[in-house]
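# Secondary and tertiary structure notes
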Amino acid sequence: RFYKAIRWASVPVSILALLMTGCDASDTSTVSATEAAIEDDVFIEDETESASAYLQKEFTPADESAATAEGIQRIATANNNFAIKMYHQLTKEDTLDNLVFSPYSISSAMALGYVGAKGDTYDEIQQVFDYSAIDQMLPNAAALYNQLNRPNVDYMLSSTNGLWVQQGLDPNPTYLDSINRYLQAEVNPVDFMYDPESARTTINRAIAKQTHDLIPQIIPINGVDEATRSVLTNTLYFKGAWYHEFYDGSTESMPFETFQMTGSATSAPMVDMMHQYNGFQYVEDKQA
């Protein structure tokens, strides 16, 4: 069983989040006092973890010692290829409205299964996610994990992998070492066999904590049962501040028109629109 969690906002567009690699000049796992002094009010006041606490938290990097620039780019390209394939699958439904999903969350969590897979299962996962061989993938996945999760003064971003296994089972030590060393995955024993509801509650509470209570329940009632032996989870939490902030007093209700409504009698729904006056670059062509 696989569950993923992503903090998301309801927006009047379809969003496809592609993964891009970039250069990170910092190799340290600590944050300077200057960075830690970021004003808390950059983020909303009711965050359970303030920006200052976020920047000062202990960060344990994954082992990227064998990573290469080419390998990291290979990981990003594979994720983007999967993202496009997944997007086409999800948009086959004619009734589709807004779409928000995280390709990185899915491929990151499935990497836990890939590392432990053999035979046809290994081949199928590799084909769908375009993974390279495990020994090549792991250090580069670790580098990407570090790049995404290292505390940054401009935003809060964290991706957490979890493996939940039936208590009493002994996963292969080599497997556990690999997913912890390279993917920073937490392995947690729960009792699916004799108390599946308690196991479900435990997993949901962990996901709620990782997403600052924005996703209080990821596994529904009867989502696991006595036959369940393991669950893979991934949470992706992001919170950033506007570079140019919008102010509440400038928000007003206006009609939101889609392309489908152009020239038709369909009445556009009223939506709260944010406003500000500033200089922004934009592109204009025959289509937009």
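Preceding this paragraph is the structure being described.
To start, this report covers the structure provided alongside it.

Basis of the calculations
Residues numbered from 1 in each chain as written. Predicted model: local features only at pLDDT ≥ 70, side-chain atom pairs only at ≥ 80, totals over all residues. Heavy atoms only, no water. Helix = DSSP H or I, 4+ residues; strand = E, 2+ residues; numbered from the N terminus. Buried < 20%, exposed > 50% of the residue type's maximum accessible area, 1.4 Å probe, protein only. Contact = heavy atoms within 4.5 Å. Areas by Shrake-Rupley, 256 points an atom, 1.4 Å probe, with all protein chains shown as cover. Core = buried A, V, L, I, M, F, W, Y, C linked by side-chain atoms within 4.5 Å. Salt bridge = Lys/Arg side-chain N within 4 Å of Asp/Glu carboxyl O.

## A few points about the overall build of the chain
When helices and strands are tallied, the chain shows 8 helices and 8 strands. A burial count over the chain gives 37% of its 288 residues as buried. Sequence separation of 24 or more characterises 72% of the internal contacts of the chain that already satisfy a separation of 6 or more. If you sum the accessible surface of the chain, you get close to 17800 Å²; carbon and sulfur atoms cover 52% of it.

## Some details on the nonpolar core
The biggest cluster of nonpolar side chains holds 38 residues, and the ones touching the most others in it are Tyr131, Met137, Ile179 and Leu183. For this core, the secondary-structure elements that each account for two or more residues are α3 (69-90), α4 (103-116), α5 (119-129), α6 (134-149), β4 (155-166), α7 (173-183) and β6 (230-240). Considering each element in turn, this core owes the most residues, 9 residues, to α6. Among all residues touching Ile179, those that are not within four sequence positions of it are Leu112, Val115, Leu163, Gln184, Ala185 and Val187.

## Description of the pattern of salt bridges
According to the stated counting rule, one finds 3 salt bridges in the structure shown. For Arg181, the salt bridge is made with Asp63, and the minimal N-O distance between the two is 2.7 Å. In this pair, Arg181 sits in helix α7 while Asp63 sits in the loop between α2 (51-56) and α3, placing the two residues 118 residues apart along the sequence. A relative accessible area of 37% means that Arg181 is categorised as partly exposed. Between Asp130 and Arg74 there is a salt bridge whose closest N-O contact spans 3.6 Å. One end of the pair, Asp130, is in the loop between α5 and α6; the other, Arg74, is in helix α3, with 56 residues separating them in the sequence. The exposure class assigned to Arg74 is partly exposed, which follows from its relative accessible area of 33%.

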